[in-house]
Amino acid sequence: MLHGTDRTADLGFTDQLLLEGRREFSACHSRRLDLFQSTTSQTNVSVPFWRIRAPLRRTCMRLRKAVVTASALVMLLSAAGCGGSGGDEATAATGTCTPERIGGSVTQGTLLSPRGLDPVGQPGAAGSGGTEIQALFDSLITYNAETQTYEPQVAQALDSNAEHTVWTMKLRDGVKFGNGDALTADDVKRSIERHQSPSNTQVSRGEALTIASMDVVDPQTIRFTLDGPYPSFPHVLATDVGMVTNPRIVDAMGPDQFALNPQGAGVGPYELVRYTPGEEIVMAAKSDYWGGPVCIGTLRFISISGADATLDALRTGELDVALLREPPAIDEARAEGMESLPTLYNYGEGVVMNSASNRPTADVRLRKAITAAIDPEAINNRVFNGTALATSALIQESTPGLYSGEEGPAYDPDAAKRLVDEVKSSGWNGSIRLLADNSPIRVNEAIAVKALLENVGIAVELNTDMSLAEVLGRVASDRDYDLVIWGPNYTNEGLWALMNRQLNSQSKSNYYGYADDRMDAALADLRAADTVDKQKEIVGRMQAILNDSPVIANFAAYEEDNIHSHRVGGLLLTRGSVLRYDKAFVTGL
């Protein structure tokens, strides 16, 4: 049951300190490389850089922290000397959007430029347009990451029957699309039907199809009858399924053109100004947003290749907010005192094995061999400088409420070698293809995985020439791969929906080719679970199934982090790293 509420000095010394600190930090990275080269040349031994990189990185980070401290001192003294009261870059902006805070702009760095701005037909993830689309369309329900609860957003209330099979939603009064049309229950129905259409090949279709029928009770009320009990149904309406599109504009433009220019078709806090695919997305705040004033006047989204370059853009002020996924870069940003809004992903990074019948890994013995060959700790040290949450388990032990104590597959290269020999004796030629995108960190992961697999007798054909978008197409659309460095990415919120679409043998989004009757049964139980304790017990069973019939050789849980500068406040973290900007503001205007 979800119910909403109405929401209508003397700077010479510090300058010198700052300058010297910056010089020392710049020199520090050079000294890291010099020391590495000196160590290897003097000992005449090939020393892996990662073995000495971590302590050197910590030294450099202490220097950078000193620079950040000096910067804060400069800003503090500047404010004191000039009598100013705002714009302190060393102090996090707190509070929420109010009329006196209206103004300013924000540029956010994203992982991947979206293929379009229509909620239908997009992956819905933060890394591929989720935050941008949220800003344009809003959502019927929102997930509050701080309280870990679902709350009404565009909806006023959402209630269910005792069996969680029928849900009744009432819309807020006065909500309008950007073109002035009033939002109605019929618009909600028609928008969700677009997600249910066979022409929608994205994962949202599976979630929308949990709705067996929709009945418009009155212009503000709609009743959802589900195809079975689903206590976590609010999650569906918090995803792209709950981002309502104006059906009249969609019909007039057609879906292809609509995806490129959905002006006037959303009820979100922002309206599209410019969309240049692959380059930038620019939005302007609405003056009549139903939820009250929108402070940040202009939002701009761009994609910068690589976490290091993205982090540097944050440092220089080119970016105000950035979604980061690489543990070393996140570790540096936090060490420098930047603001952090993280999301934990279980089964966050590993080697996904295509279990389809025409693949070598259709043989469960080979899948078990690969999981036994992967050493999460070695990869963590080699690739992530010890900053990742190394684990082979489905649920990492720090996950709130869900960790059952069930362990993932153990690193056992001897067992892996025996299994590889068995499969070879059955006719396999011992060769397998490994795919990874061409980002530096994924290339390093792939190299580490290749070495571990070759150590147990598997010949690896490595391909790291493709972009992330190309790898997504190869895996999710073409399904043409043997192994891929990939993150299934399971969050606490919407756990069943995320797992079911990838692991259910009947799911159209199961691009792993995975099929296990025990897993299908466990997924059905997970959907019906109405308490966290029940979910934890079921997830423990799933781990036992995956140990016996694996689909991924997991080596890390992952954090995505929306890192942002101190000048940005009021950001709200929702499901899957998606940000809401409707209450955000900037300081120092």
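Residues numbered from 1 in each chain as written. Predicted model: local features only at pLDDT ≥ 70, side-chain atom pairs only at ≥ 80, totals over all residues. Heavy atoms only, no water.

### Focus: the pairing of strand β4 (residues 149-152)
In step 1: Along β4, the buried face is formed by Y150 and P152; none of T149 and E151, which line the opposite face, is buried.
In step 2: Pairing analysis gives four bridges linking strand β3 (residues 141-144) to β4, with the strands arranged antiparallel. The residue bridging T142 from the neighbouring strand is E151, located in β4. (Buried < 20%, exposed > 50% of the residue type's maximum accessible area, 1.4 Å probe, protein only. Helix = DSSP H or I, 4+ residues; strand = E, 2+ residues; numbered from the N terminus. Pairing = 2+ DSSP bridges.)

### Section: the sheet that holds strand β5 (residues 155-160)
In step 1: Spatial strand order, β1-β5-β6-β8-β7: five strands in an open sheet with antiparallel pairing. Edge positions in the sheet fall to β1 (2-3) and β7 (211-218), since each has one partner strand and no second.
In step 2: Relative to strand β8 (residues 221-226), β7 runs antiparallel, the two being bridged by six bridges. Directly across from S213, in β8, lies its bridge partner T225.
In step 3: Of the strands in this sheet, β6 (166-171), β7 and β8 touch helix α4 (residues 185-196), which is tilted by about 165° from β7. (Contact = heavy atoms within 4.5 Å. Axes fitted to C-alpha atoms, helices over the stretch in contact; angles between N-to-C directions.)

### Concerning the confidence of the model for the chain
In step 1: Confidence in the prediction for the chain averages 87 pLDDT; 85% of positions are at 70 or higher.
In step 2: Overall, residues 8-89 carries pLDDT values under 50, and its contacts beyond four positions in sequence, including any with other chains, amount to 68 contacts. (pLDDT = per-residue confidence, 0-100.)

### Describing the pattern of salt bridges
In step 1: One pass over the full model with this rule turns up 33 salt bridges.
In step 2: The shortest N-O distance in the salt bridge between D187 and R248 comes to 3.0 Å. Placement of D187 in helix α4 and of R248 in helix α7 (residues 247-253) is noted, with a sequence separation of 61 residues between them.
In step 3: Judged by relative accessible area, which is 1%, D187 ranks as buried.
In step 4: Between D363 and R365 there is a salt bridge, and its shortest N-O distance comes to 2.8 Å.
In step 5: Each of R325, E349, D437, R442 and E560 takes part in one network of salt bridges that share partners. (Salt bridge = Lys/Arg side-chain N within 4 Å of Asp/Glu carboxyl O.)

### Observations regarding unusual backbone geometry
In step 1: Although it is not a glycine, D138 sits at a positive phi angle of roughly 60°.
In step 2: The residue D138 is located in the loop between α3 (130-137) and β3 in this model.
In step 3: Residue Q148 is not a glycine yet carries a positive backbone phi of 55°.
In step 4: Relative to the elements of secondary structure, Q148 occurs in the loop between β3 and β4.
In step 5: Using a relative accessible area of 44% as the deciding quantity, one classes Q148 as partly exposed.

### Brief notes about the nonpolar core
In step 1: Ranked by internal contacts, the top residues of the largest apolar core, which has 96 residues, are M169, V188, F224 and Y581.
In step 2: Here the element with the most residues in this core is helix α16 (residues 495-503); it accounts for six residues.
In step 3: Contact partners of V188, with chain neighbours within four places excluded, come to L140, M169, L171, L183, I222, F224 and V244.
In step 4: By size, the runner-up hydrophobic cluster in this structure holds 36 residues, among which are A372, A373, V449 and F555. (Core = buried A, V, L, I, M, F, W, Y, C linked by side-chain atoms within 4.5 Å.)

### A closer look at the state of the cysteines
In step 1: Applying the stated rule across the entire model yields one disulfide.
In step 2: With a sulfur-sulfur separation of 2.1 Å, C97 is cross-linked through a disulfide to C295. Across the disulfide from C97 to C295, rotation about the S-S bond amounts to roughly 90°, and the bridge is consequently right-handed. Here C97 is found in the loop between α2 (49-82) and β2 (105-110), whereas its partner C295 is found in the loop between β10 (280-285) and β11 (298-303), with 198 residues between them in sequence. (Disulfide = S-S within 2.5 Å.)

### What to know about the packing of aromatic side chains
In step 1: Counted by the stated rule, this structure contains 12 aromatic pairs.
In step 2: Ring plane angle 25° and centroid distance 6.0 Å describe the contact between Y347 and Y490, whose orientation is recorded as stacked. Taken together, the residues span a long stretch of sequence, with Y347 in strand β13 (residues 342-353) and Y490 in the loop between β17 (483-486) and α16 at a distance of 143 residues. Accessibility classification places Y347 together with Y490 in one group, the buried group.
In step 3: Between W486 and Y511, the ring centres sit 6.0 Å apart and the planes meet at 75°, which makes this aromatic pair edge-to-face. Note that W486 is positioned in strand β17 and Y511 in the loop between α16 and α17 (517-528), a separation of 25 residues in sequence.
In step 4: A residue is classified by how much of its surface remains accessible, and W486, at 8% relative accessible area, is buried.
In step 5: Residue classification places Y511 among the buried residues on the basis of a relative accessible area of 13%.
In step 6: Ring pairs connect the aromatic residues W167, F224, Y230, F233 and W496, which therefore count as one cluster.
In step 7: Between the NZ or CZ atom of R101 and the centre of the ring of F585, over which it lies, the distance is 3.9 Å. (Phe/Tyr/Trp six-rings, centres within 6.5 Å; stacked < 30°, edge-to-face > 60°. Lys NZ or Arg CZ within 6 Å of the ring centre and 35° of its normal.)

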